[in-house]
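The primary structure of each chain is shown beneath.
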Amino acid sequence: MISMTNAMQSYGLLWTDPDGAPQASAGRYDKRSAKHRRTELKAVGCTRVEIVPVRPGEVPEPAA
């Protein structure tokens with residue numbers, strides 16, 4: 001029998017765009033994809049890029 005206790009963890013991203021506006025990802029990522037997206041955001045000048053765990057149906061809220 002296969003155990004379903006190891007559910008996949010999803011992640012979202014929070015960041016501040018180059019204009020200073022706080023942003024949050026609308027999509028969910030696996031850990032590897034979230035790290036790749038973090039690198040992309042930093043490359044275009046975004047700051048405070050943070051990977052955060054999210055639950056199914058949850059969207060991270062940008063910091064005010």
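Residues numbered from 1 in each chain as written. Predicted model: local features only at pLDDT ≥ 70, side-chain atom pairs only at ≥ 80, totals over all residues. Heavy atoms only, no water.

As recorded by an unreviewed UniProt entry, the protein chain carries the name Transposase and is attributed to Streptomyces rishiriensis.

Some remarks on the overall build of the protein chain
A count of helical and extended segments in the protein chain gives one helix and three strands. Overall, the protein chain shows an N-to-C arrangement of helices and strands of β-β-α-β. Counting across all 64 residues of the protein chain, residues that qualify as buried make up 27%. A separation of at least 24 residues holds for 59% of the contacts in the protein chain among residues at least 6 apart in sequence. About 4,900 Å² of surface is accessible on the protein chain, with carbon and sulfur atoms providing 52% of the total. (Helix = DSSP H or I, 4+ residues; strand = E, 2+ residues; numbered from the N terminus. Buried < 20%, exposed > 50% of the residue type's maximum accessible area, 1.4 Å probe, protein only. Contact = heavy atoms within 4.5 Å. Areas by Shrake-Rupley, 256 points an atom, 1.4 Å probe, with all protein chains shown as cover.)

As for the nonpolar core
The biggest cluster of nonpolar side chains holds eight residues, and these are Y11, L13, W15, A34, L41, C46, V49 and I51. Those elements that place two or more of their residues in this core are β1 (10-16), α1 (31-43) and β3 (47-54). Element by element, the count of residues in this core is highest for β1, at three residues. Leave out the neighbours within four places in its chain, and A34 touches Y11, L13, Y29 and I51. (Core = buried A, V, L, I, M, F, W, Y, C linked by side-chain atoms within 4.5 Å.)

Comments concerning the packing of aromatic side chains
One pass over the structure, following the stated rule, counts zero aromatic pairs. Directly above the aromatic system of Y11 lies the positively charged group of K31, at a separation of 4.6 Å from the ring centroid. (Phe/Tyr/Trp six-rings, centres within 6.5 Å; stacked < 30°, edge-to-face > 60°. Lys NZ or Arg CZ within 6 Å of the ring centre and 35° of its normal.)

A few points about the side chain of S10
Structurally, the position occupied by S10 is in strand β1. The residues touching S10, leaving out its near neighbours within four places in the chain, are R28, Y29, V52, P53 and V54.

A short note on the environment of T16
Turning to its location among the elements, T16 is positioned in strand β1. Separated by 29 residues in sequence, T16 and G45 place their C-alpha atoms 9.1 Å apart. Dropping the residues within four chain positions of it, T16 is found in contact with A21, P22, C46, T47 and R48.

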